[in-house]
Structures are given as C-alpha cells and as structure tokens.
Amino acid sequence: NLITYIHLFMSNLVVRLLAASTVASVAALSPVAADSQTLPKVPDAVLDAYPVYSGDDLELKVDAAGTHFRLWSPGAEAVRLHLYADGLKGDAYQTVDMRKDVAGTWTYSFAEKLYGKFYTFQIHMDGRWLKETPGVWAKAVGTNGYRAAIIDLASTDPEGWENDKYVVTPHQTDAVVYEMHHRDFSAHRNSGIVNKGKFIAMLEQGTLSPDGEKTGIDHLKELGVTHVHILPSYDFNSVDEAQLIDRQYNWGYDPINYNVPDGSYSTNPADPATRIREMKKMVKALHDAGIGVIMDVVYNHTAVNDDSNFSLTAPGYYYRHNPDGSYSDASGCGNETASDRRQMGDFIVNSVKYWTEEYHIDGFRFDLMAIHDTETMTRVAETVRAINPYAVIYGEGWTAGDSRLPVERRALKENVAKMEGIAVFSDDIRDAVKGHYSREEDRGFASGKPGLEETVKIGIVASTAHPQVDYSKGNNSKFAYASSPEQIMNYVSCHDDLCLTDKMRKSMPDVTDSVRMRVARLAQTIVFTSQGTPFMFAGEEIFRDKKGVHNSFKSPDEVNAIDWTLKRKNREQFDYYRNLIDLRRSHPAFRMTNADDIAKNIVFDDVKTPNLISYAIKDNANGDEWNEIRVVFNGSAEPQTVKVPKGEWTVIAADGKLDKNGLGTMKGGKVEAAPQAALILAR
C-alpha cells in the first residue's frame, strides 16, 4: 500500500508539473489573455436609443440553405467574422466582413453547413478593432469558451430525450428544493461515485458509501426531495477547463457564456457537444427519478467588465453606469447588468426560455434578483410557464449594493407582490430561526435566543397578512409583503455564509453535536411545516459541515465535499429529515396556496413564554385528511407546558422524533413540550 501511495503521489506530481509548464502557452492562445483594453464611452442617451432586434436567429442559425450569422451591435462601424478549425488553438482560416442589416444587426451567410467549425466576432468602433468575442448568444463553445462552436444541437439529445418530461408539482408550494453543487455532492473519495464532480455523476445508480449507505441519485430518491437546485452550470470564468488536473473549485457566480454548460462538469471540455449531451443526460436521469432540476442563474453581472462578451459586442449597452461613466456595482462584483434596457431584458427572457426548451430545466433561481426590474422578472415567469406550467422560479430579493435602478422598479422582496409567479427567499425565517447570518455567535429561536417569536410567526404564515401576526415586531420585515405563500422560499441555510452545522457549532460552543443536531431538527421542522416552499442545503440531512468556512466559493474539496460516512454516523438525523419531507408532501395543510386560507386556518395560541410558539391548523386546511393539527415549537433548553384542547391526539413529532403515521397517542389538556424540539399532534 505504501509503495502504491508513493507511485500515485509521484505520478500526480509529474502531471502537475507538466500542467504548470503549459499554463503560459494555453493563456497565450486565448483572446482574453491579453491585457485589458479601455472601451469606447457611449452616452446613455445614445445607448437608450439603440434599436431592438427581436428575431430568433441571433447569432447563429444552420438550415438547409447553409450557415447564417447575425450579430446585434448597433454602435459598430464594421464587424468581422473569424472562422477557426479548432476551439482554442491556431489562427483563423477565414475572415469575412459582415454586412450591416436591420435593427442594429450585422449578417453573413455561407452556403454550406459549417458543423465542426468555430467562430468569433470582432467589432470596429471608435476607430479601432476591439478583441474577439464569441458573442452573447453562443450555444456551444470550445475549451474555456473563447470561441463559439457550430454543432448540430439535435445530435446532443440523449436516447429517449423526446419523451423526457418536466416534473409536475401543481403548485410552487408543493416543491421541496435541495440545493447542491456538482462537486460537493460527488467529489468525496467515499461517495462511491466514479464520475466525481461531473454532470453524469447523476447517472450512476447503486452507489454506496463505505458503510453501505446510498449515495448519489439513490440518496436523493431515498430522501424524498422533489427538486435539486444546481449551483451555476453555465460556462463560468474561474475554472480553467484546460487544467482540470488541478481540481480547481468555484461556485460559478462569474458568468462568461450564459447559454452553454460549463466544461469543467463534462468529461471532455474540448468537445463542444460533450458538455451539452452530458448535462442533458443528467437532467433526464433526475427526471427519470422523479426529481426536477432548478438552475441557478446569474444574469445580474459578468465575470469581467470591459472584456466581457457583452462589452465586446455592444460596448456600454448591457450595463448600468454611474454619471462619471464608471460601472454601477449593485452586485458587489464590479458591475451590474441593465435588465431595464430592452435588448438586455429580452436576452434574460430568451435565455431562460432556451434552457427550458433545449435542456428541459424545471425552474430557475435568480442570483441578486433585485438588480433586475420587476417587469423583466414578470416576463420571465410568463415565458417559462407558457412552456412548463409547473416551473419553480425564485430569487434573492435583495442587492449587494446600491443600484442605478429606482427602488420601486427593483425585484426586491418588498416588491414581490408586483411579480406574479416569482418567489423570494425569506430572510425573516432564516435569521430568526438560526441567528443572524453575518454574526456567527448570534443564536436564533431554535438555539435559545428569546424575543424572536413574532419574526418566526412571520415565517410560519409566509410573510402574508395574518390577524394575529404583528409585523411591527418583525426583525427584518415590517409589513406583509407577500400576497401569496407561493411567493416565499423558506430556509435556514444555503451555500452562502455558514451552513447550519457550522452555525450551530459557532453559536453553541459549549454543547455537544448531539444537542446541535437536535436544534437543527427543530430549525428544519419550522421551515418544512411553515407555509411557503421549503429549501434546504445539500448534506445537512447528514449533518454535513464546511470546516467553519463562511464563504467557501473557491475552497478545496476538503472543505466543500460531502463526507458520506456521516450518513451512517448520523443516520437518526437523516431519518428525521426523510420523515419530515414525507410529512410535508403527504399533508397539504402545510402547503396552502393562498393568503386567505392561511389567515383563516392558522390560529396562534396566546403564549407569553419566551422561545415558545404554539398554533393550530384547523378545518381540514387545504383539503387535508387531518381535521386539526397542533404545532408547538420549543426553542428553550428546558421543557415547557402548553395547553392542548382535550380529546385524543396522534403524536406526529415529539422530543426530536417524527413519524407521519404516529409515535403514539395522548390526551389533551396540559402537555409537556420537550426542550429544543417540535411537538406536532393531529386528529
């Protein structure tokens, strides 16, 4: 074993040294490897007056008549089209001048089908040629996305693709969303998965941990979630697809090409068709398992500013700028896009339409959604749901900084009522249940901090108006901003900031993991029994941690990968989560679809004890078989006494255990609620 280990170590070292020696040469081949250039400055008034092109043939179309190119670049003085034989290396084998056409577009056609070739555009503006770009509408690319590829998309469809179906959840509140990163889920050495960190990891069935526990797609089926939310999977900037031996890691919130999968998740980034085919295979495998795919999209900013494909195609147009000409930066990443300009708004709408149709994506999560305007987001929902009525669409209802877009036009959580078919994350329930996200030592309701009861209630009623909820006492929100529970995503943690396990360890340093797991169960029980749509972070069902790293966007696998031996070690935790999901999916009372039903059917008890909430869900709410459900949350470290109407009740959850079929029965009257646990009764 020692000899084998030394051999593998030396082999890996040699490979790394060879890879390092080629970095400079690979970079030299790349158009974006050159020094950054300063773009021409175009006044906002001129940009706003640009014509809009609404055709469906941007930027490449191949048909019986040949190969046709059309670039939207209204400010260009001239445009060149370069053709290449390779996706990364070599000079153009042909360069042609494109012809000016309608609505700010430039065109050129070839009589033959140029399948297998690559191309870039280059615009002349302000007396000079800018860098080459694959354009903003590339649907296939070579290594690292520098050159667009010409392929037959139909040839990338996996077997049975024509019969693949979207996952049906009649209402958004019927979804149970599981947020995962491709590498996190499969990269660990004990995952039992061969294609670690790849799209096709989801095709592997029967994978097991060293303890014989299910991993991979079988784990998801066992857990019972309805959808996986995959972190950004389009072509992003921070992982060099030519150097994957280095096992680079990134979440992917640095977009380059929005309409093509990232090559690092494919088995062959150099082959433009492979990444497309393998992502489709992943979607189909999940659909075959009854699980939908929600894609994390980041249309609010680009990885770079003047060197972005947006900037090199129509300088200035796709972004908001400050009065001095600098980039407005509500994303905190150096720039923000201008969805309020029609061609950019159309780009977002048509891009999600493309992913929905071509890749059968079941929904979208919008990063920093409030950088976009409410009108564009409404158009997104209308367009996607015209294709898939069951699509799940939500986003972050905030920005990372101030924006040039007026507040009343922003897709903020406070404006969610203006956006039919769009949901926002509830930071109300997140911070109230576990403690404030930015203060690692801060505790929440579930971990024993008093005074947060009213904010938890705001989460329970999905931020809708309720006669017994006093929004003036809310920590984050001061009014009922949601008009429907379908506009709210409930969660306590996600990829951002400390995951729930690390938050418990930081805020509860003097207790054991056994106690922390108990608190985590209570926290997730609040999320999964509240109105709205539940959302959870991958691996927390087995008490996964991230070594205390707040922002692990580029941390190695040692920090981010899910350790699957935790499933056997924390099997009781997993079973609780599995049963909790089963409870929610089996009982529609926890997933009402309109605010009036919530106000009518949920009745809070008048409880004065800190860290204690007690309420009833009455009258077979939302068609539930249970006439009445009593829910008690005790976030204190001591047992508490609550009053329950007399009669016989089935105990669904008590003292850190849960079973929808019942743990036993009890009589009403004065009932003891165990510490740091939920008590759920039904009759």
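The rules behind each value
Position numbers for residues start from 1 in each chain and track the written sequence from start to end. Totals for whole chains, interfaces and linings use every residue, but because this is a predicted model, local features are given only for residues with pLDDT of at least 70 and side-chain atom pairs only at 80 or more, for both listing and counting. Note that water and hydrogens are dropped before the side-chain values are worked out from all heavy atoms of the structure. Only DSSP runs of H or I with at least four residues qualify as helices, and only runs of E with at least two residues qualify as strands; both kinds are numbered from the N terminus onward. Only the C-alpha atoms count toward the radius of gyration. The rule for a globule is 2.2 Å times the residue count to the power 0.38. The buried label applies to any residue whose accessible area, calculated with a 1.4 Å probe on protein chains only, is under 20% of its type's maximum; exposed applies above 50%, and partly exposed to all values in between. DSSP-based pairing: two strands are paired if at least 2 bridges between them are found. Stacked, edge-to-face and tilted are the three classes for Phe, Tyr and Trp ring pairs, Trp counted by its six-membered ring, which pair at centre distances within 6.5 Å; planes under 30 degrees apart are stacked, over 60 edge-to-face, the rest tilted. In the sections that follow, a salt bridge refers to a side-chain nitrogen of Lys or Arg positioned within 4 Å of a carboxyl oxygen of Asp or Glu. Buried Ala, Val, Leu, Ile, Met, Phe, Trp, Tyr and Cys residues that are joined via side-chain atoms within 4.5 Å together make up what is termed a nonpolar core. Any pair of residues with heavy atoms lying within 4.5 Å of one another is described as a contacting pair. Only C-alpha atoms enter the line fits that serve as axes; for helices the fit covers just the stretch in contact. Angles between N-to-C directions range over 0 to 180 degrees. Note on scores: pLDDT gives the predictor's confidence for each residue, bounded by 0 and 100. Here the expected length of a helix is defined as 1.5 Å per residue gap, with one fewer gap than residues. In what follows, a disulfide is any cysteine sulfur pair within 2.5 Å. Here a polar contact means two N or O atoms within 3.5 Å. Within protein one must be a hydrogen donor candidate and the other an acceptor candidate, and residues neighboring in sequence count only if both atoms are side-chain atoms.

**What about the overall build of the protein?**
Then comes step 1: Looking only at helices and strands, the protein has 16 helices and 26 strands in total.
Then comes step 2: Radius of gyration (C-alpha) of the protein: 26 Å, near the 26 Å computed for a compact globule of 683 residues.
Then comes step 3: With the C-alpha coordinates of the protein rotated into their principal frame, the extents come out at 85 × 70 × 45 Å.
Then comes step 4: When burial is assessed residue by residue, the protein has 61% of its 683 residues classed as buried.

**Topic: the pairing of strand E23 (residues 640-654)**
Then comes step 1: Of the strand pairs in this sheet, E23 and strand E25 (residues 665-673) are connected by eight bridges, and their pairing is antiparallel. In the strand pairing of E25, Gln640 is matched with Ala673.
Then comes step 2: Where E23 meets strand E24 (residues 657-658), two bridges bridge the pair, whose relative direction is antiparallel. Each residue of the ladder has a partner; that of Ala654, found in E24, is Lys657.
Then comes step 3: The turn joining E23 and E24, which pair antiparallel and follow one another in sequence, is formed by two residues; a positive phi near 55 degrees is taken by Asp655.

**Here's the deal with the packing of aromatic side chains**
Then comes step 1: On inspection of all chains with the given rule, the structure shows 38 aromatic pairs.
Then comes step 2: Ring centres of Tyr319 and Tyr327 lie 5.3 Å apart, and the angle between their planes is 85 degrees; on these two criteria the pair is classed as edge-to-face.

**Some points on the pattern of salt bridges**
Then comes step 1: Under the definition given, this model contains 47 salt bridges.
Then comes step 2: A salt bridge links Arg578 to Asp575; its shortest N-O distance comes to 3.1 Å. Of the two residues, Arg578 and Asp575 are both situated in helix H15 (residues 571-586); the distance of three residues between them amounts to about one turn of the helix.
Then comes step 3: Through salt bridges with shared partners, one network takes in Glu213, Glu222, Lys567, Arg568, Arg571, Asp575 and Arg578.

**Things to note about the nonpolar core**
Then comes step 1: Core analysis: the largest hydrophobic core is formed by 163 residues, its most contacted members being Phe69, Tyr178, Phe366 and Phe633.
Then comes step 2: Once residues lying within four places of it in the same chain are set aside, the contact partners of Tyr178 are Phe185, His219, Leu220, Leu223, Val225, His227, Val228, His229, Met536, Ala538, Gly539 and Glu541.
Then comes step 3: If you look at the next biggest cluster of nonpolar residues, it comprises 15 residues, including Ala175, Ile294, Ala330 and Cys494.

**Overview of the environment of Arg521**
Then comes step 1: Mapped onto the secondary structure, Arg521 falls in helix H12 (residues 513-529).
Then comes step 2: Exposure remark for Arg521: the relative accessible area of 10% places this residue in the buried category.
Then comes step 3: Linking Arg521 and Tyr249, residues 272 residues apart in sequence, is a C-alpha distance of 30 Å.
Then comes step 4: The residues contacting Arg521, other than those within four sequence positions of it, are Glu572, Gln573, Tyr576 and Gly656.

**Regarding the sheet that holds strand E18 (residues 488-490)**
In any sheet, the strands associate via hydrogen bonds between backbone groups, in a parallel or an antiparallel arrangement.
Then comes step 1: Here we have eight strands rolled up into a closed barrel, ordered E10-E11-E14-E15-E16-E17-E18-E19, and parallel in their pairing. The mean inter-strand angle of the sheet, taken between neighbouring strand axes irrespective of direction, is 30 degrees.
Then comes step 2: In this fold helix H7 (residues 342-359) packs onto strand E14 (292-297) and strand E15 (363-366), with an angle of close to 140 degrees to the strand it touches most, E15.
Then comes step 3: Across the sheet, H12 is in contact with E18 and strand E19 (533-537); its angle to E19 comes to roughly 145 degrees.

**Some thoughts on the sheet that holds strand E6 (residues 105-110)**
Then comes step 1: Pairing is antiparallel in the open sheet, where four strands are placed in the order E1-E2-E6-E5. Bordering the open sheet on either side are strand E1 (59-63) and strand E5 (99-100), each of which pairs with just one other strand.
Then comes step 2: As defined by bridge partners, E1 adjoins strand E2 (residues 66-72) across five bridges and the pair is classed as antiparallel. Its bridge partner being in E2, Val62 is matched across the sheet by Thr67.

**Digging into the confidence of the model for the protein**
Then comes step 1: Per-residue confidence for the protein gives a mean pLDDT of 94, with 95% of residues at or over 70.
Then comes step 2: Predicted confidence is poor over residues 1-35, with pLDDT under 50, and the contacts of this stretch with residues over four places away or in other chains come to 23 contacts.

**Things to note about H15**
Then comes step 1: Taking 1.5 Å per residue as the helical rise, H15 with its 16 residues ought to reach 22 Å, and the 22 Å between its terminal C-alpha atoms agrees with that figure.
Then comes step 2: Buried within H15 are the following residues: Gln573, Phe574, Tyr576, Tyr577, Asn579, Leu580, Ile581, Leu583 and Arg584.

**Some remarks on the state of the cysteines**
Then comes step 1: In the structure shown here, the tally under the stated rule is zero disulfides.
Then comes step 2: Unpaired in this structure, Cys333 has its nearest cysteine sulfur neighbour in Cys494, at a distance of 15 Å.
Then comes step 3: Here Cys494 stays unpaired: no disulfide links it, and the sulfur of Cys499, its closest cysteine neighbor, is 10 Å away.

**Structural notes on the side chain of Arg365**
Then comes step 1: Within the secondary structure layout, Arg365 lies in strand E15.
Then comes step 2: On the basis of relative accessible area, Arg365 is assigned to the buried category, the value being 1%.
Then comes step 3: At 3.1 Å, the side chain of Arg365 and the side chain of Asp367 are in polar contact.
Then comes step 4: Each residue touching Arg365, except ones within four places of it in the same chain, is listed here: His229, Tyr253, Ile294, Met295, Asp296, Val297, Tyr394, Glu396, Phe425 and His495.

**Here's the deal with the environment of Glu382**
Then comes step 1: Among the structural elements, Glu382 can be located in helix H8 (residues 374-387).
Then comes step 2: Each C-alpha atom, one on Glu382 and one on Ile422, is 9.8 Å from the other, the two residues being 40 residues apart in sequence.

**Here we look at unusual backbone geometry**
Then comes step 1: Across the junction of Leu58 and Glu59, the peptide omega takes the value -5 degrees, indicating a cis bond.
Then comes step 2: By secondary structure assignment, the location of Glu59 is in strand E1.
Then comes step 3: With a phi close to 55 degrees, Lys547 is a non-glycine residue in the positive phi region.
Then comes step 4: Tracing the chain through its elements places Lys547 in the loop between E19 and helix H13 (557-560).
Then comes step 5: Residue Lys547 is classed as exposed on the basis of its relative accessible area, which comes to 54%.
Then comes step 6: For Asn611, which is not glycine, the phi torsion reads 60 degrees and is therefore positive.
Then comes step 7: Structurally, the position occupied by Asn611 is in the loop between strand E20 (602-604) and strand E21 (612-617).
Then comes step 8: Residue classification places Asn611 among the buried positions, given a relative accessible area of 3%.

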